[in-house]
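Architecture at a glance
One-letter residues, chain by chain:
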Amino acid sequence: MVSRWYHLCITLVLILASINAHAEVTKITSTVDKNPVIAKESFILTVTFNDDVPNSAFQPDILLNNFVVGRTSVSRQTSIVNGDLKKLTQFTTVLVAQEPGDYQIPSISLDGANSDPITMTVVEPGSDAAKRSDKVAFVDVSLDTSQVFLQQPIHYIVRLYLAADLNKGNLVPPQMDNADIRQIGKDEEFSEMNHGRRYRVYQRTYQITPNQSGSFEIEGARFDGEVYASGQRSIFSSFSNTQPVSAIAETKTVEVKPIPQNWTGHWLPSDLVTISQTVNPKQDEYKVGDPISVSLMLTAVGVKPEQLPDISYDYPDSVRIYPDKENTDQFVRNGINIAQKTIEYAIVPQQPGEITLPGIEVPWFNTKTQQRAIATTDDLTFNVAGSPIANSTPTQSTQQAAEAPRENTPTSGQQASQATTDAQWNYWLWIVVALIIALVVSVGINIVLYKRRHKASQLRQVEDKVIQPITKNEAWRQFQQACASNQPQRAEQALKRWARQRYQQRVTTLNDVARFLDLTDESHVASEINQLQAALYSAQHTKQWSRGKQLYQAVRTAQQQQASTKSNTSPLPPMYPMDS
């Protein structure tokens, strides 16, 4: 009992002493983690006050004239040593010097106390002092070319070197005036030795498309993040020993040439442009009035889809052109962006005989040879049989028949007229039959889908009346059981109940579930949900659904990935792994 009262009294005395203690800063210390430093490489400035001070006591803006100022963090510590209460406030700021030279970190003052100024020596990246092996992080960039024409893409490759495990980070893209900058392809990750030290390298590629000619500077990409100081990750993220790091890539200069003065037509600079066409159906002879489908594909390397030109046709009056659809797309192959345009249209011959359609030409500028080039297709030749359509331009044989003496027997004229009428009638008859078949098929499919949806709606109504509100865990167990027994209706209902409880949002369809899961490119849950919907509403036999296990695993994996992403503040989770 005496011991308990003794400790209580000591505690009260210390509390009163801390309350009555006069807060006053008597000592300020400024230190840096390295000196000299390399231009574009980050270093850490630590300012320590020997008391509890507000966050406004240190303003890193005073350093903006000489350095790029990164994130500032504040930590406080209170300790009791021999009955004396001691407090410390520590400010940690990441700084980056852009150019070599000598710079000064000024004295920090508060309550009459002052820190000593620090003279920083900044060296060139290629100097001997810069070849030390203690660099934790740095950024290296390269260009595929430094001289381009207007709208010719530049490939800007960024490599981030890290010698410690990453906690979190963000890579800021390069900046350039009057240019479109976008990432192409996925990030790459590998290891590399640099000056005797092993680094983890993260590589990203940007495509820079200049929209104005002249000389421009590309401001280097910048990395801001935190690494584990010990080089090891802790299972307790909040207690991990981390340190902030920043790195800026060097500035690059590019020369953008204007469009050549002698150029005419649409400007399309590219490494390679091709155009191809296919005809369907392919046969030796066609009939007047029968449509012939033609598909054109224009492909250009290293450009954006919006840079592709419009396709023009110069066809004779012996055919009619009926446009169908036009699509544009882009994809990346071997780190190079490729744009593609597909055009489909129908050609309807109006006259019999041999019809030749000239090839289609697309002029473009070859950035390798710096010469004008033309992508072209072959001529199309069709052998057409039948009678000419009345409103088409008459051929020579038709004109001769019209100028024939009126003594010709009326039977011959009637036969020619009847042949033309038959050809037109057959053409429209086939169109009507095709429309009727499409209508019947569409109505049949809609009836089947309506019956299945109505049946599913009745099941939902019955379950809503019988089943009382359940918890998220109970809904998840029902979903797991339904998947284990391959029961699509039960799996659908349980999954939607779980999503309502999980996200506290209205969920009426499986598409709502997929949207809330916030899927990534690596997720397979979209495919599995589509197969579940097909089993529920498809016109085919629905009792053959056997992918319950795959659906459960896909949803579970997507949920775990989503939870891991939300706990990570990094905007680049694929590039920088984070603790979940």
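Residues numbered from 1 in each chain as written. Predicted model: local features only at pLDDT ≥ 70, side-chain atom pairs only at ≥ 80, totals over all residues. Heavy atoms only, no water.

Things to note about the overall build of the protein chain
Within the protein chain, the regular secondary structure consists of eight helices and 29 strands. Taking all 580 residues of the protein chain together, the buried fraction comes to 36%. On the protein chain, roughly 33900 Å² of surface is accessible, and the fraction owed to carbon and sulfur atoms is 49%. (Helix = DSSP H or I, 4+ residues; strand = E, 2+ residues; numbered from the N terminus. Buried < 20%, exposed > 50% of the residue type's maximum accessible area, 1.4 Å probe, protein only. Areas by Shrake-Rupley, 256 points an atom, 1.4 Å probe, with all protein chains shown as cover.)

So, a nonpolar patch on the surface
Together, Leu429, Val433, Ile437, Val441 and Ile445 give the surface a local cluster of nonpolar side chains, amounting to about 390 Å² of exposed area. Among the structural elements, Ile437 can be located in helix α3 (residues 410–466). (Patch = residues over 30% accessible without salt bridge, like charges linked within 9 Å, V, L, I, M, F, W, Y side chains within 5 Å. Salt bridge = Lys/Arg side-chain N within 4 Å of Asp/Glu carboxyl O.)

Section: helix α7 (residues 525–537)
Structurally, the α-helix is built with 3.6 residues per turn, so residues lying three or four positions apart point the same way. If you check α7, its first and last C-alpha atoms are 18 Å apart, about what 13 residues at 1.5 Å a residue would give, namely 18 Å. Restricting attention to buried positions, one finds in α7 the residues Val525, Glu528, Ile529, Leu532, Gln533, Ala535, Leu536 and Tyr537. (Expected span 1.5 Å × (residues − 1).)

Focus on the packing of helix α5 (residues 488–503) against α7
Remark: α5 packs on α7, axes separated minimally by 10 Å, with the N-to-C direction vectors making an angle of 125 degrees. Taken together, the axes of α5 and α7 lie oblique to each other. Judged by the twist between their axes, the crossing of α5 over α7 is left-handed. Between α5, through Pro488, Gln489 and Glu492, and α7, the contact on the second element is made entirely by Leu532, Leu536 and Tyr537. Taken together, the residues that form the contact of α5 with α7 break down as four nonpolar, one polar and one charged. (Axes fitted to C-alpha atoms, helices over the stretch in contact; angles between N-to-C directions. Parallel < 35°, antiparallel > 145°, perpendicular 65-115°, else oblique. Left-handed = near helix turned anticlockwise from the far one by under 90°. Contact = heavy atoms within 4.5 Å. Nonpolar A, V, L, I, M, F, W, Y, C, P; charged D, E, K, R; others polar.)

Overview of the sheet that holds strand β2 (residues 37–38)
Pairing is mixed across the open sheet formed by three strands, whose spatial order is β2-β9-β6. In this open sheet, the two edge strands, each paired with only one partner strand, are β2 and β6 (101–105). In this structure, β6 lies alongside strand β9 (residues 118–123), joined through five bridges in antiparallel fashion. Considered in β9, the bridge of Asp102 is made with Thr121. (Pairing = 2+ DSSP bridges.)

A closer look at the packing of aromatic side chains
Summed over the entire model, instances satisfying the criterion amount to 18 aromatic pairs. Aromatic side chains Phe138 and Tyr199 sit 5.3 Å apart centroid to centroid with 80 degrees between the ring planes, which places their arrangement in the edge-to-face category. Taken together, the residues span a long stretch of sequence, with Phe138 in strand β10 (residues 137–143) and Tyr199 in strand β15 (residues 197–210) at a distance of 61 residues. The rings of Trp476, Phe479, Trp498, Tyr503 and Tyr552 are connected pair by pair, giving a single aromatic cluster. Above the ring of Tyr503, the side-chain terminus of Arg502 is found at 5.0 Å from the ring centroid. (Phe/Tyr/Trp six-rings, centres within 6.5 Å; stacked < 30°, edge-to-face > 60°. Lys NZ or Arg CZ within 6 Å of the ring centre and 35° of its normal.)

Here's the deal with the pattern of salt bridges
One pass over the structure, following the stated rule, counts twelve salt bridges. In this structure, the salt-bridge partner of Glu189 is Arg200, at a minimum N-O distance of 3.0 Å. Taken as a pair, Glu189 in strand β14 (residues 179–194) and Arg200 in strand β15 lie far apart in primary sequence, eleven residues in all. The shortest N-O distance in the salt bridge between Lys496 and Glu492 comes to 3.5 Å. Placement of both Lys496 and Glu492 in helix α5 is noted, with a separation of four residues, approximately one turn of the helix. Each member of the pair, Lys496 as well as Glu492, is classed as buried.

A closer look at the environment of Gln531
Positionally, Gln531 belongs in helix α7. Gln531 gets classed as partly exposed once you look at its relative accessible area, which sits at 32%. The contact partners of Gln531, leaving out residues within four places of it in the chain, are Trp545 and Arg547. A distance of 3.3 Å separates polar atoms of two side chains, one belonging to Gln531 and the other to Arg547. (Polar contact = N/O pair within 3.5 Å; in protein donor to acceptor, adjacent residues only side chain to side chain.)

Here's the deal with the confidence of the model for the protein chain
A residue-level look at the protein chain finds 78% of positions with pLDDT of 70 or above and a mean pLDDT of 79. Here residues 462–468 is a poorly scored stretch, pLDDT under 50, and it has three contacts once near neighbours within four places are set aside; other chains count. Overall, residues 569–580 carries pLDDT values under 50, and its contacts beyond four positions in sequence, including any with other chains, amount to 42 contacts. (pLDDT = per-residue confidence, 0-100.)

Overview of the side chain of Thr46
With respect to the helices and strands, the residue Thr46 is situated in strand β3 (residues 42–49). If we ignore the near neighbours within four places in the chain, the residues touching Thr46 are Thr29, Ser30, Thr31, Gln90, Phe91 and Thr92.

Examining the sheet that holds strand β19 (residues 252–257)
The strand order across the open sheet built from three strands is β11-β19-β16, with neighbouring strands paired in mixed fashion. Edge positions in the sheet fall to β11 (147–149) and β16 (214–218), since each of these pairs with one other strand and no more. Here the average twist between neighbouring strands, direction ignored, is 30 degrees. As defined by bridge partners, β16 adjoins β19 across five bridges and the pair is classed as antiparallel. The partner of Ser215 across the bridge, within β19, is Glu255.

Quick word on the pairing of strand β23 (residues 292–301)
In terms of burial, β23 is largely enclosed, as seven of its ten residues are buried. Of the pairings in the sheet, the one linking strand β21 (residues 273–280) to β23 comprises eight bridges and is antiparallel in character. Counterpart to Val279 in the pairing with β23 is Val294. Looking at chain direction, β23 and strand β25 (residues 336–349) are connected through ten bridges and run antiparallel.

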